[in-house]
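These are the residues of each chain, in order.
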Amino acid sequence: MRNFSKLAAISVGSWIGGMLTERHLMPEEYKTKFQRYKQDLSGFLKHPATIEASKAFPPPEKSGGLGVVPFTDSDSNDWLWSKQNPKGQRMQQIMRFGFPSFDNVRSFNDFVLSYDKRNRIPHWVFEHLTKHSVSYNAGVDRSKCEFYEDLSMHAFFRSTNQDYKGSGYDRGHLAAAGNHKGAQQHCEETFVLSNMSPQVGKGFNRDAWNNLEKHVRKLTKVYPNVYVCTGPLYLPRKETNGKTYVRYEVIGSNHVAVPTHFFKVVIGETLNGQLDMEAYVMPNASIHDNTPVQSFQVPVETIERAAGLLFFDKVQRNLLRKINGQPRKE
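Owing to the predicted nature of the structure, the values given are computational and were not obtained by experimental measurement.

By the criterion of burial, strand β3 (residues 121-129) is predominantly enclosed, with eight of the nine residues buried. Examined bridge by bridge, strand β2 (residues 111-116) and β3 share six bridges and lie antiparallel to one another. Directly across from Val112, in β3, lies its bridge partner Phe126. In this antiparallel pair of consecutive strands, β2 and β3, the connection spans four residues, and Arg120 shows a positive phi of 60°. By the bridge criterion, five bridges tie β3 to strand β6 (residues 225-233) in an arrangement that is antiparallel. By the bridge assignment, Leu129 is partnered in β6 with Val226.

Below you can see the structure in the form of structure tokens.
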């Protein structure tokens, strides 16, 4: 447990470090809050231990030039949903670079998720974005969408709208509705409660987290294909007695877990097949509006260790072009 705590805390440390670099933008209440986090974790955070990516992620026996299963269609429009592109094939396209895990996987028309039956929120949600999927579509009206239970889950393991009512938390999308404008049904499916997690509303879901979602959508202007994996984290924290605990709230009669943090891991694919990666961790808390999205960038390995997941495992990390906007170090 001690080793896991140290590794998982790296994500918290990266967040604190990034936030504190912006302290000149913050009112005094925010300075105090971030200083408290730093003090709570004093002596607990360690410098991130890097791993040799090419050894940790060996190439598959059959792979393309970047260590991925080759995709032969060069026209990104071929990825769009159509009668000629059935749901099963769309799932293969979304999950082209590998599944983080295989627990209770559900495939929707335009995203894929793995559901955590104990905590009644996703383990992860995977999306493939293009300019088409995120662009304005007069035929898609978000106001017509309603939150609904996922009846494919046993009643014991579902979350309900009643769980969120009066909780003080938003029903926070992991596959964002704004990412799925290709069809009304695609947008509506993002409102299934198995795609939701309890999120702080003001300062997070409606603000900082929304800014991160917008940033990811803007990447489709740079890359014809953008792959996104989003999920919750439950990170440990050192308390006044010197011991480290993982504590999180649950809401409603079904005890829906409230994550302490959320992550996004993103890969952008260029026209010539080069891959860039970005990785983010945000606390499930009110965040000052002036905080840059880049303040939340962390090494992807820290998220993998904390979440117990491997992201894009069909990609050889040593062949990535950039990580968090920086050329990959040899």
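That was the structure; now back to the text.
Take the sheet that holds β6 next. Taken in spatial order, the eight strands make up an open sheet running β1-β2-β3-β6-β11-β12-β13-β14, and their pairing is mixed. In the strand order of this sheet, the two ends are held by β1 (105-107) and β14 (326-327), each with one partner. Running at roughly 90° to β3, helix α4 (residues 87-94) makes contact with β1, β2, β3 and β6 of the sheet. This element, helix α9 (residues 208-218), spans β3, β6, β11 (261-269) and β12 (275-283) of the sheet and lies at about 10° to β11.

On the surface, Lys131, Lys214, Lys218 and Lys221 cluster together into a patch of positive charge. Tracing the sequence through the fold places Lys218 in helix α9. On the accessibility criterion, Lys218 (56% relative accessible area) is exposed.

So, how was this worked out
Residues numbered from 1 in each chain as written. Predicted model: local features only at pLDDT ≥ 70, side-chain atom pairs only at ≥ 80, totals over all residues. Heavy atoms only, no water. Buried < 20%, exposed > 50% of the residue type's maximum accessible area, 1.4 Å probe, protein only. Helix = DSSP H or I, 4+ residues; strand = E, 2+ residues; numbered from the N terminus. Pairing = 2+ DSSP bridges. Contact = heavy atoms within 4.5 Å. Axes fitted to C-alpha atoms, helices over the stretch in contact; angles between N-to-C directions. Patch = residues over 30% accessible without salt bridge, like charges linked within 9 Å, V, L, I, M, F, W, Y side chains within 5 Å. Areas by Shrake-Rupley, 256 points an atom, 1.4 Å probe, with all protein chains shown as cover. Salt bridge = Lys/Arg side-chain N within 4 Å of Asp/Glu carboxyl O. Lys, Arg positive; Asp, Glu negative; His and termini not counted. Charge placed at Lys NZ, Arg CZ, Asp CG, Glu CD.

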